[in-house]
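A structural walkthrough
Spelled out, the chains give:
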Amino acid sequence: FWAKYADLPPDGIIDALLTERRLTPRRLAWTFRAVRPDATEEEFAAVIRARSSDTQFSDRTIPELYRMADAARFGLADLGYLAGVHPLELWVVRYRLEHPDATRAEAIAASASTRQEVYAWLFSPRRRQAQDRSISIMLEIEAFLDIHRAWQRLGYPFDNLVPSYGSSIGSSGDRPDALAQLVGIIMNDGVRLQAVRLTRLDMGVGTPYETRWSIRPTPGDSVMSADVASVARRAIDGVVESGTGRSVRDAVQTSSGNPVVVGGKTGTGNNQFRVFGGRGTLIRTRTINRTATFAFHLGDRHFGVITAHVDGDQAAGYTFTSALPLAVLRLVSPAIAHLLDEPEIDMSTAAATAAGGG
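Since we're looking at a predicted model, the values are computed, not measured.

Bringing the overall build of the protein into the picture now. In terms of regular secondary structure, the protein is built from 15 helices and seven strands. The C-alpha atoms of the protein give 27 Å as radius of gyration, which overshoots the globular expectation for 358 residues (21 Å, by more than 25%). Principal axes of the C-alpha set define a box for the protein whose edges measure 80 × 70 × 45 Å. For the protein, with 358 residues in total, the buried portion stands at 33%. Taking all contacts inside the protein whose residues are at least 6 apart in sequence as the whole, residues at least 24 apart take part in 56%. Split by element, the accessible area of the protein, about 22,200 Å² in all, is 53% carbon and sulfur. For the protein, the distance from the average position of its 40 positive side-chain charges to the average position of its 40 negative side-chain charges is 7 Å.

Turning our attention to the nonpolar core. The biggest cluster of nonpolar side chains holds 37 residues, and the ones touching the most others in it are Leu17, Leu18, Ala29, Phe44, Ile48 and Leu90. Only helix 1 (2–5), helix 2 (10–19), helix 3 (25–35), helix 4 (41–51), helix 5 (61–68), helix 6 (76–83) and helix 7 (87–98) provide two or more residues apiece to this core. Those residues in contact with Ala29 that lie beyond four places of it in its chain are Phe44, Ile48, Leu65, Met68 and Ala69. Within the second largest apolar cluster, twelve residues are counted, among which are Val248, Phe296, Leu326 and Leu340.

Before going further, it helps to examine the pattern of salt bridges. Proximity of charged atoms lets side chains of opposite charge pair with each other. Considering all chains together, one arrives at 14 salt bridges under this definition. Here Asp300 and Arg233 are joined by a salt bridge, their closest N and O atoms 2.7 Å apart. Here Asp300 is found in the loop between strand 6 (282–298) and strand 7 (302–311), whereas its partner Arg233 is found in helix 13 (residues 226–242), with 67 residues between them in sequence. When its relative accessible area of 30% is taken as the criterion, Asp300 is described as partly exposed. One connected set of salt bridges, linked through shared partners, spans Arg200, Asp202, Glu210 and Arg212.

Attention now moves to the layout of surface pockets. Here the largest pocket is characterised by a volume of approximately 2,300 Å³. Lining the largest pocket are 47 residues, and of these Phe1, His86, Glu89, Ile141 and Leu145 sit closest to its centre. Only helix 1, helix 6, helix 7, helix 8 (104–110), helix 9 (112–118) and helix 10 (128–153) provide two or more residues apiece to the lining of the largest pocket. If one sorts the elements of the lining of the largest pocket by residue count, helix 10 sits on top with 14 residues. Across the lining of the largest pocket, the residue classes break down as 25 nonpolar, nine polar and 13 charged.

Look at helix 4 against helix 5: their axes get within 10 Å of each other, and the N-to-C directions meet at 110°. As judged from the angle between their axes, helix 4 and helix 5 are roughly perpendicular. Residues Glu41, Phe44, Ala45, Ile48 and Arg49 of helix 4 lie in contact with helix 5, whose contacting residues are Ile62, Pro63, Leu65 and Tyr66. Looking at side-chain class alone, the contact of helix 4 with helix 5 contains seven nonpolar, no polar and two charged residues.

The next thing to look at is helix 10. The terminal C-alpha atoms of helix 10 lie 38 Å apart, and with 26 residues this matches the ideal 38 Å at 1.5 Å per residue to within 8%. Those residues of helix 10 that sit buried are Gln131, Phe144 and His148. Those residues of helix 10 hidden inside the fold are in contact with helix 11 (165–168). Residue Gly155 follows helix 10 closely and has a positive phi angle near 105°.

Evaluated as defined, the whole model comprises eight aromatic pairs. For the ring pair Phe32 and Phe44, a centre distance of 6.3 Å and an interplane angle of 45° mean the geometry is tilted. Highlighted residues: Phe32 in helix 3 and Phe44 in helix 4, separated in sequence by twelve residues. The same class applies to Phe32 as to Phe44, namely buried. Where Trp91 meets Tyr95, the ring centres are 4.8 Å apart and the plane angle is 15°; that geometry is what we call stacked. Of this pair, Trp91 and Tyr95 both sit in helix 7, four residues apart, which is roughly one turn of the helix. In this pair, the class of Trp91 matches that of Tyr95, namely buried.

This paragraph deals with unusual backbone geometry. At Asp189, a position not held by glycine, the phi torsion is positive, near 60°. Structurally, Asp189 is set in the loop between helix 12 (176–187) and strand 1 (191–192). Residue class for Asp189 comes out partly exposed when judged on its relative accessible area of 48%.

For helix 13, with 17 residues, the first-to-last C-alpha span of 24 Å sits near the 24 Å given by 1.5 Å per residue. When helix 13 is considered as a whole, its buried residues turn out to be Ala229, Ile236, Val239 and Val240. Burial along helix 13 is one-sided: seen end-on, the buried residues are contained in an arc of 90°. Facing away from the buried surface of helix 13 by more than 90 degrees, the exposed residues are Asp227, Arg234 and Ser242. Buried-residue contacts for helix 13 involve helix 12, strand 5 (262–276) and strand 6. The N-cap residue of helix 13 is Ser225: its side-chain oxygen and the backbone nitrogen of Asp227 are 3.2 Å apart.

Parameters and conventions
Residues numbered from 1 in each chain as written. Predicted model: local features only at pLDDT ≥ 70, side-chain atom pairs only at ≥ 80, totals over all residues. Heavy atoms only, no water. Helix = DSSP H or I, 4+ residues; strand = E, 2+ residues; numbered from the N terminus. Rg over C-alpha atoms; globule rule 2.2 N^0.38 Å. Buried < 20%, exposed > 50% of the residue type's maximum accessible area, 1.4 Å probe, protein only. Contact = heavy atoms within 4.5 Å. Areas by Shrake-Rupley, 256 points an atom, 1.4 Å probe, with all protein chains shown as cover. Lys, Arg positive; Asp, Glu negative; His and termini not counted. Charge placed at Lys NZ, Arg CZ, Asp CG, Glu CD. Core = buried A, V, L, I, M, F, W, Y, C linked by side-chain atoms within 4.5 Å. Salt bridge = Lys/Arg side-chain N within 4 Å of Asp/Glu carboxyl O. 1 Å grid on protein atoms, 1.4 Å probe; cavity = no way out; pocket = protein on both sides within 12 Å on 5 of 7 lines; lining within 4 Å. Points joined across faces, edges and corners; volume = space filled by probe spheres on them. Nonpolar A, V, L, I, M, F, W, Y, C, P; charged D, E, K, R; others polar. Axes fitted to C-alpha atoms, helices over the stretch in contact; angles between N-to-C directions. Parallel < 35°, antiparallel > 145°, perpendicular 65-115°, else oblique. Expected span 1.5 Å × (residues − 1). Phe/Tyr/Trp six-rings, centres within 6.5 Å; stacked < 30°, edge-to-face > 60°. Arc of directions from axis to C-beta. Polar contact = N/O pair within 3.5 Å; in protein donor to acceptor, adjacent residues only side chain to side chain.

Structure representation (structure tokens):
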């Protein structure tokens, strides 16, 4: 928690605490007053109205919330429960607000008794099962924080990752450009290069103010072991060679008729909300969207993503699978054949070219 808030100004600390989680008005009240117990009712009202989706607050409701969330009446562990925020995170935020120049060592020293208080429940011999369960949950959350950091290095585009069974086996939300970037990393032996949309921009040509800008190449960042990238490439090549992508195995050729090696990964998503009764009987289903994707490489120099997506209730009327983006690739392959005729070049330059144009 110290690392999370160490470099933020006071206003930024409050923003980081309140904006990263969805808090009900009551929990928002407890969270704010736990870290700003000296805040006036006017300051409290401004925060509640600005950050709560509930716009029905009357002039009477705000004072009631303010009095209810009086942090002086509870210990830190209780405040954490009422706010739905880890007690030590509340303590760190309040300490940073009250001691903006304090060092990490000073915070650790000042929190000694607080840490003992927050974790006193660990020393109760009558609560062994609850203790083990809570420890397991904390370890799992920390593991997902590490997974999220690792995924972000590979291009994962979101600021958080929901700890879930789906995420633990690699199933999570993503964006097409992030999937394409991951294929580029695999093709470049684990090196992530800068993705650019424009390589050159000329302004005022033929005038006294003529100016030219060009991209300045940056060194790549090794984010994946070359051995892992090699294994991943063999895996995605196998998907096309003998797996779900085999319909495009011989579908892409250069303009001179030479076959191009295709590799990739297919995926189909049928996202639904399902409501079950007490005996496991399905009561109702609501379709959210349907998606089919093929993330691919063409030879050693080009990569991309084709996605079919239907959003909302109308998605229930569609049954397409990843065979659809594969069919699209077959259809467009003659139009892109001339791009595949360029001579082979050094892979570091190839990945940069693919990132810009692929």
